[in-house]
Amino acid sequence: MIKPKVYVTEHPLSKTVAKAVLAGTMGHAVPPLELLDGPAICYGILRGCGDIIRKAFNSTQDFYHIDHGYLKRVDWSDSGSLSYGHFRVTKNALSMFGGLPRCASATRFQKLNIEYKPLSVGRSIVVCELTEMFSQNHPWMKLNKEEWLEGVLRQLRRHTDRPVVVKDKTSGKLTDLLSDAYCLVCHSSNAAIEAAISGVPCIALGESICNQLGPSAIKDIEMVSHIAKSEWEDLRMNVFYTAANNQFTLSELAQEATWDRLLGEATWNGNKQRLR
């Protein structure tokens, strides 16, 4: 097997993650200038990494995208979180998505000690804007922040009379808006996980680990009020278990056992999911 290529930028966060990954994979550190043979491993989508991912996506070459975890994620503003914060690792996608396989193990999720609320259907629809960084740098999708939001709001006006609140990433706390939310609408943001923790269904219009936790399209938004509680709760727990089993601390990323699993054929694969 060809050794993985770990694409490292000059940014200190990239170097920190790459150091752990190189220890776990025994791969080769390379700058994100061109796509080389072997599995491509990138942290984030900036500074050339998005180009590497795009080239791998458009070919038959596997890539592994590393980013902030789904749950109890790393907080770069708090150096202490590097010892316990999590990073998600996804094969051939930016995030797990679609119909998730059943995850049998609850152990990793239970160790996170996350308090989650039961399903509740409030009044308002919370729409999470795309960030400028994500919309301008997505490796294989052409996204326009303003056009995306305008299209979402136009569809909501057509299909519901419920009040709509638009949330950008920098203003206020999402949890405050979720306390009386009917549904959250986003592209593929981790906000969908926050909504699930708060007991709020979501419509994730992009590839999201929470795709199953609400309708697949805005035209069906009024179906949220008819969601079967037991079925939704079951799907949510599978999302939680799956998320916890596909995210890792820095120390875990430095372990060979972690990468033996991730580089194996049995790991979840975005390319296979898209073919379903």
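Being a predicted model, the structure only gives us computed values, none of them experimental.

All right, on to the environment of A244 then. For A244, the position within the fold is in helix α8 (residues 229–244). Along the sequence, A244 and S105 sit 139 residues apart, while their C-alpha atoms lie 9.4 Å from each other.

Summarising the element assignment, D62 is placed in the loop between α2 (49–57) and β4 (63–68). A C-alpha to C-alpha distance of 5.2 Å links D62 and P39, two positions 23 residues apart in sequence. A polar contact of 2.9 Å, which involves the side chain of D62, links it to the side chain of N92.

Glancing now at α8. Taking 1.5 Å as the rise per residue, α8 with 16 residues should run 22 Å; its terminal C-alpha atoms sit 22 Å apart, in good agreement. Turning to α8, its buried residues number three or more, namely W232, E233, R236, M237, N238, V239, F240, Y241, T242, A243 and A244. On the buried face of α8, the contacting elements are α3 (107–111), α7 (191–197) and β10 (247–248).

Now for the packing of aromatic side chains. This structure, assessed with the given rule, holds nine aromatic pairs. A centroid spacing of 5.3 Å and a plane angle of 85° characterise the contact between F97 and W268, whose relative ring orientation is edge-to-face. Residue F97 is located in the loop between β5 (87–91) and α3, and its partner W268 is located in the loop between α10 (256–262) and α11 (270–274); the two are separated by 171 residues in the primary sequence. Classification of W268 as buried rests on a relative accessible area of 12%. Counting every residue linked through ring pairs, the aromatic cluster contains F109, Y116, F240 and Y241. Sitting over the ring of Y70, R88 keeps its end group 5.6 Å from the ring centre. Just above the ring of Y182 sits the side chain of R162; from NZ or CZ to the centre is 3.7 Å.

For strand β8 (residues 181–186), the buried fraction is high: six of the six residues fall into the buried class. Taken together, the three bridges between β8 and strand β9 (residues 202–204) define a ladder with parallel strand orientation. Opposite C186, over in β9, you have A204 as the bridge partner. Taking the sense of rotation as the criterion, the β-α-β connection linking β8, α7 and β9 turns out right-handed.

In this structure the tally under the stated criterion is 13 salt bridges. Two residues, R102 and D234, come together in a salt bridge whose shortest N-O distance is 3.0 Å. Here R102, found in the loop between β5 and α3, pairs with D234, found in helix α8; they are 132 residues apart in sequence, far enough to count as distant.

Core analysis: the biggest nonpolar cluster contains 39 residues, and L71, F109, L184, I193, I209 and C210 have the highest contact counts within it. Going through the elements one at a time, β6 (124–128), α6 (174–178), β8, α7, β9 and α8 are the ones with two or more residues in this core. Counting residues in each nonpolar core, the second largest holds 27 residues, with I52, L130, V152 and V224 among its members.

What counts and what doesn't
Residues numbered from 1 in each chain as written. Predicted model: local features only at pLDDT ≥ 70, side-chain atom pairs only at ≥ 80, totals over all residues. Heavy atoms only, no water. Helix = DSSP H or I, 4+ residues; strand = E, 2+ residues; numbered from the N terminus. Polar contact = N/O pair within 3.5 Å; in protein donor to acceptor, adjacent residues only side chain to side chain. Expected span 1.5 Å × (residues − 1). Buried < 20%, exposed > 50% of the residue type's maximum accessible area, 1.4 Å probe, protein only. Contact = heavy atoms within 4.5 Å. Phe/Tyr/Trp six-rings, centres within 6.5 Å; stacked < 30°, edge-to-face > 60°. Lys NZ or Arg CZ within 6 Å of the ring centre and 35° of its normal. Pairing = 2+ DSSP bridges. Right-handed = clockwise from strand over helix to strand, strands pointing away. Salt bridge = Lys/Arg side-chain N within 4 Å of Asp/Glu carboxyl O. Core = buried A, V, L, I, M, F, W, Y, C linked by side-chain atoms within 4.5 Å.

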